[in-house]
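If you want the building blocks of each chain, they are given just below.
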Amino acid sequence: MKVSLTINGVERTHDVEPRLLLVNYIRDVVGLTGTHIGCDTSQCGACTVIMNGLAVKSCTILAMQADGAEILTIEGLARNGKLHPLQEGFWEKHGLQCGFCTPGMILAAYGLLERHPRPSEEEIRHGIEGNLCRCTGYQNIVAAIQWAAERMETGEEARFGRLVTSSH
Amino acid sequence: MAIAEPPRMAPKLVGTSIKRKEDPRLITGNGQYLDDIKLPGMAHVAILRSPHAHARIHHIDTSAARALPGVIDVITGADLVDAVNPLPCAFPAGGVENHIPPHRVLAVDRVRYVGDGVAAVVAEDPYIAHDALELITVDYEPLPAVVDQEKAMADGAPHLHDEAPHNICMHWTAGDRAATDAALKSAEVVVRQHLHNQRLIPNPMETRGAIARYDPGTGEMTIWMTSQCPHVHKILLAAFVLGIPEHKVRCIAPEVGGGFGSKIFVYPDMAICAVLAKRVGRPVKFVETRRENYTATTHGRDHIQDVELAATRDGTITALRVRSIANLGAYASTGAPGVVSTLFGRMVSGCYKIPHIFNEAYGVYTNTSMVDAYRGAGRPEATYLIERMVDLLAAELQMDPAEVRRKNFIPPEDFPYEPSGLGLVPYDTGEYAGALDLALQKVGYADLRRQQQQARAQGRLIGVGLSSYVEICGLAPSDWVQKEGWGGPLYESAHVRVLATGKVVATTGTSPHGQGHETTFAQIVADQFGVGIDDVEILHGDTAQGPFGLGTYGSRSLAVGGSALVQASAKLREKIKAIGAHLLEVAVEDVEFENGVVAVKGAPGRQKTFAEIAMAAWLGSSLPPGMEGLLEATAVFDPPDCTFPFGTHVCVVEIDRETGQPTILRYVAVDDVGHVINPMVVDGQLHGGIAQGIGQALYEAAVYDDNGQLLSGSMADYAVPKATDLPVFELDRTVTPTPVNPLGSKGAGEAGTIAAAPAVVNAVMDALAPLGIKHIDMPLTAQRIWAAISG
């Protein structure tokens, strides 16, 4: 079956099996391997992408269900060679170790900040509870998201933040 | 104990929280993990696994699977009997007989746990490969299964292996049984407790897998693998399993998404992929699903322990007797028995000076997934045991648990210290009371106890739990570990190469799985030459790149591998000075090498830069007579002793009386890991370690039913802690360097996990003390606590 969608601003059209999961489409058909697969029960969130402005687990969606959608993956988050504040925050605050959960975690945080631009620590912890990290104990992930939230509200990076938002 | 010389350059980068060099690729989706690798012509492997815990295989029919379009090949155990040897166990328990049955990469006539491989399919894509598994029919005759290690030892229990009577792999003892028995008999106070250190699933976020490519032109077999130790995997696969000459096997660990021990071991799929790549003439890839990972990758812990601790009325510990039965699962995994003997068995006395100790440990086969090292590996089982017992003793004597600890700590002047009769290499250094005092001060212990009294008066259940730990890290030296049963060395290697333009490439024999070695090791090397962090590249994980290395486990990468980098660099520093002196036309004694320049002592400005000397070494025409060109050095560091990090963690919990729900109110950790190379990275290791320890204490358990079905068989059923399940960690540290390596560093990867579980459990038990509850086995779920409260 034919599926057409936009990933990181690039239109894609492919013939796919009806059963193909969106995560396998992104990884194996399109070749964007920054989106990871960590489980088979939609628990871990490593496959989180932004679809039509919302953070979704791409292992719970068939590629066909994403027909016509606009999708943002980790590869599309930095713009013009400049890291998104969330990416900078994770680097700055040591919000990652092995890095396997990181793309999904960053995009879950992206979805969270779209809804709650200045979340409390508690709201951040709730906001990312669908994403598992086995390395960090989450403390530095929370700090990274706080760091990004502060920068996205002010100055140059605020414009960057809105730019990303307005593209969806 | 020999003492290595300290690093000779003033540190500039060492000791600072430099942001990680790994991160830019990982935060942009450019990291390349195993499943991200796509080779031309690559096919995909899926493995059919037993749904039975114990069964005879009468017949396997693969014809329908073979007929499925897109299927390239199907193999069963019978196809591999001649081609592939059983997987070796590299770490039997030392000094005793070990009964190690053959572990075939695919079962031939019998399966022994749910997840045991019975057939493998190669297909054009992973979906087809998994479809084909559904089409294979296996005629099983189910057999009685046993999952509990105590039941497995009993007469009449289902029997797994002809080679292992009573399902016992090994029976190992340490210490003086008679003296310990006598001390217990005459003791003023004895506390006894039966403990279950439950089975855990490691849960790296990346599952395991392998890719194999065979080059018929060169005869080289290249295996990419999710590995913590590709060199070890290479020699085990080449020399023991596949029978391919060692120089024709290359193993590569790409980006590895966590491991926590589970990626140390040799697994069937590595060999299956190698065989299939050659058989079908195409590269093949296997990646576990998470459900497969839960059964086919090793688990951790699973000890049933009976412990007796004797003391005088004033709280002085006089004897410790331990009997521990470790569940090894269905086969002896690569390191399983040795983890029980060396890393658990010799560490049971913790931070305490105990005159009489006797410890006996069994390793037992059951119809469950294999158990091997998981973060801490033996030391969490030892630390939990002694720290629970010390709290039970304190409760019995109505003494403050901090005082009982302080009273029995090994005093600083007793180091190096050998625990009584346990046959361990000596603890290197320790200032246990210092870490305890700092932890108590940081948490405000005296105030906390007052607040606890007030809260209790109001009927609230608040508890304060301590855990003082010492662990064995920097695993080495080779001669000792070989006596302990380990079948190889435990040195670590380094190769340092200064390029013509003054850039440095250093290869380490260890192989990270997320700890940031590319950063911390670059800090070490850069300081040795006085160059910037971005002038140094650390290579790892490819057996074709550098000398043989042992890998990352036992918190050894920095203490042993980092030290090898210092040694290799030190060799080059001598050569750099000699070249510099030659170019400056002075004697080598008259120059010094600091801050990236070789300068004539007392003659400011007469100097040659590191880059100028690198260029001279490359040109090769202006060197001292007889000196070879290029700046390259290899070092192998084999320390005289292990390292023994320590510390005290304090946990404060409140229990909801109505529901049993425990909530961690404070978590304070004071750790002493010796000199710290990158504080940010070390704190990150401690955070993650504590998270896994809290996971064991409160949430996690691998649960089997009596038939050997894994009930906690998916991430929907096994409680990996979420962000909402964990507290804020308040960290501090003391610094007691080790003399056994040139960095003075001890290792930090496992400390948090080892310390945390007893701190949390002791806190919960302290909270429940007014109700007369003395012990609940982990995990301390709300349900278990509620049941205990409800009596």
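**Some words on the sheet that holds strand S12 (residues 284-287) of chain B**
Residue and element names in this part refer to chain B.
Working step 1: Taken in spatial order, the 7 strands of this open sheet run S3-S5-S1-S12-S9-S10-S11, and their pairing is mixed. Of all strands in the sheet, those bounded by a partner on one side alone are strand S3 (71-76) and strand S11 (249-252). Each strand axis lies, on average, 20 degrees off the axis of its neighbour in the sheet, ignoring direction.
Working step 2: Bridge count between strand S9 (residues 209-215) and S12: 4 bridges; the pairing is antiparallel. Its bridge partner being in S12, alanine 210 is matched across the sheet by phenylalanine 286.
Working step 3: Together, strand S10 (220-225) and S11 form the strand contacts of helix H7 (residues 230-242), whose direction differs from that of S11 by roughly 145 degrees.

**Looking at unusual backbone geometry**
All names here are of chain B.
Working step 1: Cis rather than trans, the peptide bond between phenylalanine 415 and proline 416 has omega equal to -5 degrees.
Working step 2: Residue placement: proline 416 occurs in the loop between helix H12 (401-408) and helix H13 (432-443).
Working step 3: In the segment running from methionine 778 into proline 779, the intervening peptide bond is cis, with an omega of -5 degrees.

**Remarks on the interface of chain B and chain A**
Working step 1: Chain B puts 40 residues into the contact, and the matching count from chain A is 41 residues.
Working step 2: The set of elements that each furnish at least two residues to the side of chain B that touches chain A consists of helix H1 (23-26), helix H9 (290-296) and helix H19 (679-699) of chain B.
Working step 3: For the side of chain B that touches chain A, the leading source of residues is H19(B), giving 6 residues.

**Digging into the domain arrangement of chain A**
All names here are of chain A.
Working step 1: Considered domain by domain, chain A is made up of domain 1 (2-76) and domain 2 (85-166).
Working step 2: Looking at the side of domain 1 that touches domain 2, the elements with two or more residues in it are strand S3 (48-51) and strand S4 (54-57).
Working step 3: Among the elements that make up the side of domain 1 that touches domain 2, the one with the highest residue count is S3 (3 residues).

**Here's the deal with the packing of helix H3 (residues 102-115) of chain A against helix H5 (residues 139-153) of chain A**
Helix-helix packing is characterised by the crossing angle of the two axes and by the distance between the axes.
Residue and element names in this part refer to chain A.
Working step 1: Across the interface, H3 lies against H5 with an axial gap of 11 Å and an inter-helix angle of 45 degrees. Judged by the inter-axis angle, H3 sits oblique to H5. H5 is crossed by H3, and the crossing has right-handed handedness. Here Met105, Ala109 and Leu113 of H3 lie close against H5, whose contacting residues are Ile141, Ile145, Ala148, Ala149 and Met152.
Working step 2: Within the contact of H3 with H5, the residues separate by chemical class into 8 nonpolar, no polar and no charged.

**Considering H7(B)**
All names here are of chain B.
Working step 1: Here H7 contains 13 residues, and its C-alpha end-to-end distance of 15 Å is more than 12% below the 18 Å for a straight helix at 1.5 Å per residue.
Working step 2: Remark: the principal bend of H7, roughly 30 degrees, maps to leucine 236.
Working step 3: Among the 13 residues that make up H7, 10 are buried, leaving the element largely enclosed by the rest of the structure.
Working step 4: Elements that come into contact with the buried residues of H7 comprise S10, S11 and helix H8 (268-280).
Working step 5: Just downstream of H7, glycine 243 is the residue with a positive phi angle, here 70 degrees.

**Quick notes on the pairing of strand S21 (residues 597-600) of chain B**
Every other side chain in a regular strand lies on the same face of the sheet, so the side chains alternate between the two faces.
All names here are of chain B.
Working step 1: Bridging between strand S20 (residues 591-594) and S21 involves 4 bridges; their strand directions are antiparallel. Bridge pairing in S21 links valine 591 to valine 600.
Working step 2: The turn joining S20 and S21, which pair antiparallel and follow one another in sequence, is formed by 2 residues; a positive phi near 55 degrees is taken by asparagine 595.
Working step 3: With 3 bridges joining them, S21 and strand S22 (residues 607-609) adopt antiparallel strand pairing. When the sheet's bridge partners are listed, valine 598 is paired in S22 with lysine 608.

**Thoughts on the environment of His52(B)**
Residue and element names in this part refer to chain B.
Working step 1: Its place among the elements puts histidine 52 in the loop between strand S1 (43-49) and strand S2 (55-61).
Working step 2: For histidine 52, a count of 22 C-beta atoms within 10 Å corresponds to the buried category.
Working step 3: As a C-alpha pair, histidine 52 and glycine 708 span 656 residues in sequence and 7.5 Å in three-dimensional space.
Working step 4: For histidine 52, the contacting residues outside a window of four places in its chain are Val111, Val114, Tyr140 and Pro142.

**Some details on the nonpolar core**
Among soluble globular proteins, nonpolar side chains are generally buried collectively.
All names here are of chain B.
Working step 1: If you look at the biggest cluster of nonpolar residues, it comprises 320 residues, and the most contacted ones within it are Val45 and Cys273.
Working step 2: Sorting elements by how many residues they give to this core places helix H20 (residues 751-768) first, with 13 residues.
Working step 3: If we ignore the near neighbours within four places in the chain, the residues touching valine 45 are Ala120, Val121, Val122, Ala129, Ile272, Cys273, Leu276, Val284, Lys285 and Phe286.

Parameters and conventions
Residues numbered from 1 in each chain as written. Chains lettered and ligands numbered in written order. Predicted model: local features only at pLDDT ≥ 70, side-chain atom pairs only at ≥ 80, totals over all residues. Pairing = 2+ DSSP bridges. Helix = DSSP H or I, 4+ residues; strand = E, 2+ residues; numbered from the N terminus. Axes fitted to C-alpha atoms, helices over the stretch in contact; angles between N-to-C directions. Contact = placed C-beta atoms within 7 Å. Domains from an automatic or database assignment. Parallel < 35°, antiparallel > 145°, perpendicular 65-115°, else oblique. Left-handed = near helix turned anticlockwise from the far one by under 90°. Nonpolar A, V, L, I, M, F, W, Y, C, P; charged D, E, K, R; others polar. Expected span 1.5 Å × (residues − 1). Bend = angle between axes of the 7 residues up to and from the residue. Buried ≥ 20, exposed ≤ 12 C-beta atoms within 10 Å, placed from the backbone. Core = buried A, V, L, I, M, F, W, Y, C linked by C-beta atoms within 7 Å.

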